[in-house]
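# Commentary on secondary and tertiary structure
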Amino acid sequence: MRAPVFVAIAALTAALPLAAQAPMISQAALIAVVENHKGAVLRYIDVAPDSMLGFRPTKGVRNYAEQIEHAAGSDAFIVQLAITGSSKGIPSMGDTAVYLHNKAELRKYAAAAMDYTIARLKTVNDAALNEVISSQGRKMPRARALMELLDHFPWTLGQVVPYLRLNGVVPPEYSPF
């Protein structure tokens, strides 16, 4: 007797409009993740000596400042693309000729990029998270496109760990929370 009830409930739930279903990740969870990312990137900037900004462990890879820029700036890019469908409209958060060579300015850039990401996430409600969008040539719920924030940032920031170690710097401990 329970099986037909379960099948009926499952069928009704599947028939609900996508906007009526809970998104795969909430706005609050995404914001919490990005706030954690912000703290992490600022700690990684703080532990690096100024002389390390231009350091690259091998030819063909980003230097330390460029990798930090990529980690923070990509969050702003990902959120802008997933919310608006375009990378246009991301404000300038600094001058690369300055912040890629000045630790205090790099810190301002990273904080601004992460603050922008958080502000954009605050504009998205559950219904918008469930909207199907095109991202990287695929149709998916906006929430799934935004989940790239969970993957890209830690992977990108984690790449600077050897940069720090090669310069005798102990990397800050990373925590996902």
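That block above? That's the structure.
Residues numbered from 1 in each chain as written. Predicted model: local features only at pLDDT ≥ 70, side-chain atom pairs only at ≥ 80, totals over all residues. Heavy atoms only, no water.

Below, the discussion takes up the overall build of the chain. Counting its secondary structure elements, the chain contains 9 helices and 2 strands. When the helices and strands of the chain are listed from N to C terminus, the series reads α-α-α-α-α-α-β-β-α-α-α. Burial statistics for the chain: of 177 residues in total, 40% are counted as buried. Long-range contacts, defined as pairs at least 24 residues apart, comprise 74% of the intrachain contacts of the chain with a sequence gap of at least 6. Accessible surface, the chain as shown: approximately 9800 Å² in total, 59% of it carbon and sulfur. (Helix = DSSP H or I, 4+ residues; strand = E, 2+ residues; numbered from the N terminus. Buried < 20%, exposed > 50% of the residue type's maximum accessible area, 1.4 Å probe, protein only. Contact = heavy atoms within 4.5 Å. Areas by Shrake-Rupley, 256 points an atom, 1.4 Å probe, with all protein chains shown as cover.)

To continue, consider the packing of helix H2 (residues 27-47) against helix H5 (residues 103-121). Two elements in contact, H2 and H5, have axes whose closest approach is 9 Å; the angle formed by their N-to-C orientations is 180°. With respect to each other, H2 and H5 are oriented roughly antiparallel. Of H5, the residues touching H2 (which contributes Gln27, Leu30, Ile31, Val34, Glu35, His37, Lys38, Val41, Leu42, Ile45 and Asp46) are Lys103, Leu106, Arg107, Ala110, Ala111, Met114, Asp115, Thr117, Ile118 and Leu121. (Axes fitted to C-alpha atoms, helices over the stretch in contact; angles between N-to-C directions. Parallel < 35°, antiparallel > 145°, perpendicular 65-115°, else oblique.)

Okay, the packing of helix H3 (residues 64-84) against helix H8 (residues 148-158) next. Where H3 contacts H8, the axes come no closer than 9 Å and their chain directions differ by 175°. Between H3 and H8, the angle is such that the two are roughly antiparallel. Seen from H3, the contacting residues are Gln67, Ile68, His70, Ala71, Ala72, Ser74, Asp75 and Ile78; seen from H8, they are Glu148, Leu149, His152, Phe153, Thr156 and Leu157. Its residues assigned to classes, the contact of H3 with H8 comprises 7 nonpolar, 5 polar and 2 charged. (Nonpolar A, V, L, I, M, F, W, Y, C, P; charged D, E, K, R; others polar.)

What follows is about the nonpolar core. If you look at the biggest cluster of nonpolar residues, it comprises 50 residues, and the most contacted ones within it are Val41, Tyr44, Tyr64, Ile68, Leu121, Leu146 and Leu157. At the level of elements, H2, H3, H5, helix H6 (126-130), helix H7 (142-146), H8 and helix H9 (161-166) are the ones that each hand at least two residues to this core. For this core, the element with the highest residue contribution is H3, accounting for 10 residues. (Core = buried A, V, L, I, M, F, W, Y, C linked by side-chain atoms within 4.5 Å.)

Glancing now at the packing of aromatic side chains. Enumeration according to the criterion identifies 3 aromatic pairs in this entry. Centroid distance Phe55 to Tyr163: 6.1 Å. Interplanar angle 85°. Geometry classified as edge-to-face. Remark: Tyr163 occurs in helix H9 and Phe55 occurs in the loop between H2 and H3; sequence separation between them is 108 residues. Ring plane angle 15° and centroid distance 4.2 Å describe the contact between Tyr99 and Tyr109, whose orientation is recorded as stacked. Note that Tyr99 is positioned in helix H4 (residues 96-99) and Tyr109 in helix H5, a separation of 10 residues in sequence. Across the pair, exposure class does not vary: Tyr99 and Tyr109 are buried alike. Among the aromatic residues, those joined into a ring-pair cluster are Phe55, Tyr64 and Tyr163. (Phe/Tyr/Trp six-rings, centres within 6.5 Å; stacked < 30°, edge-to-face > 60°.)

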